[in-house]
Amino acid sequence: MKKLIFILPACSILISCAIHSKKNGNPGKDGTSGDSKIGFNQKLADSLGADKYGMKAYTIVMLTTGSAKIDDKEKKAELMKGHMTNIGKLADEGKIIVAGPFLEKNKENYRGMFIFNTKSKEEAESWVKTDPAVAAGIFSYEIFPWYGSAALPLYLKHHDEISKENP
């Protein structure tokens, strides 16, 4: 019985080591140790406009509920389609990095947000004004400077790979 108590845990340890080694090829390494870190890439940092912290300035636009009340469902649907098309155009041009609606109502009446690839509030405002839903007054907006990872624009190139449909 004493041998069985020793053998069972020993077998479990050996099996788990074998399974772990088979997964990543390195016994005792889980892929998160210091030797798996990718080194600093100056060329990439420069291409993204990163500072020494890997960060850069952006501009966030918070879309709020506008003053226009459009009851015509076809007109509203047309404006929202134009809103989505405009987001895609700005993303294709590298101007918009993140866009999306908020999933819950909030006291500020924030409806969605854009993160623009500019530190200029004036430039961001000129881009947000190209949105048909903003022009029609469905949305209004507030603009804020923001400091975030310079790598943020890289996620967009993978979005098409993970989305089956566009809204």
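To keep things clear, this report deals only with the structure shown in the data block. Source: prediction; values computed, not measured. The residue count restarts for each chain, going from 1 along the sequence in the order it is written. Residue-level local features of this predicted model are given only where pLDDT is at least 70; pairs of side-chain atoms are given and counted only at 80 or more, and the full residue set underlies all totals for whole chains, interfaces and linings. Side-chain measures were taken over the full set of non-hydrogen atoms in the model, leaving aside hydrogen atoms and water.

1. A word on the overall build of the protein chain
Basically, it comes down to this: Helix and strand assignments come from DSSP, with helices taken as H or I runs of at least 4 residues and strands as E runs of at least 2, each series counted from the N terminus. Throughout, a residue-residue contact means that at least one pair of heavy atoms, one from each residue, lies within 4.5 Å. Using the Shrake-Rupley algorithm and a 1.4 Å probe, accessible areas are obtained, with residue cover drawn only from the displayed protein chains.
The secondary structure content of the protein chain amounts to six helices and four strands. Sequence-distant contacts in the protein chain: of pairs separated by 6 or more residues, those separated by 24 or more amount to 71%. For the protein chain, the exposed area adds up to about 12,300 Å²; of that, 59% sits on carbon and sulfur atoms.

2. With respect to the nonpolar core
Keep this limit in mind: Take the buried residues of types Ala, Val, Leu, Ile, Met, Phe, Trp, Tyr and Cys, join any two whose side-chain atoms come within 4.5 Å, and each joined set is a nonpolar core. Per-residue accessibility, obtained with a 1.4 Å probe over protein chains only, is compared with the maximum for each type, and a residue is labelled buried under 20%, exposed over 50%, and partly exposed between these values.
Core analysis: the largest hydrophobic core is formed by 16 residues, its most contacted members being Val61, Leu63, Ile96, Phe114, Phe116, Val128 and Phe139. Apart from the residues lying within four places of it in its own chain, the contact partners of phenylalanine 139 are Leu63, Thr64, Gly66, Met80, His83, Arg111, Ala133 and Val134. Counting residues in each nonpolar core, the second largest holds seven residues, with Tyr58, Val98, Tyr110 and Ile115 among its members.

3. Topic: the sheet that holds strand S4 (residues 139-149)
How we decide: Note on pairing: DSSP must find at least two bridges between two strands before they are called paired. Here an angle of 0 to 180 degrees is reported between the N-to-C directions of two axes, which are lines fitted to C-alpha atoms, with helices fitted over the stretch in contact.
An order of S2-S3-S1-S4 is seen for the four strands of this open sheet, with the pairing classed as antiparallel. A strand with exactly one partner marks an edge of an open sheet, and here the two such strands are strand S2 (96-101) and S4. Going across the sheet, the axis of each strand differs from the next one's by a mean of 20 degrees, ignoring polarity. The pairing of strand S1 (residues 55-65) with S4 spans eleven bridges and is antiparallel. Bridged to leucine 63 within S4 is tyrosine 141. Contacting S1, S2, strand S3 (110-116) and S4, helix H3 (residues 73-92) runs over the sheet at an angle of about 155 degrees to S2.

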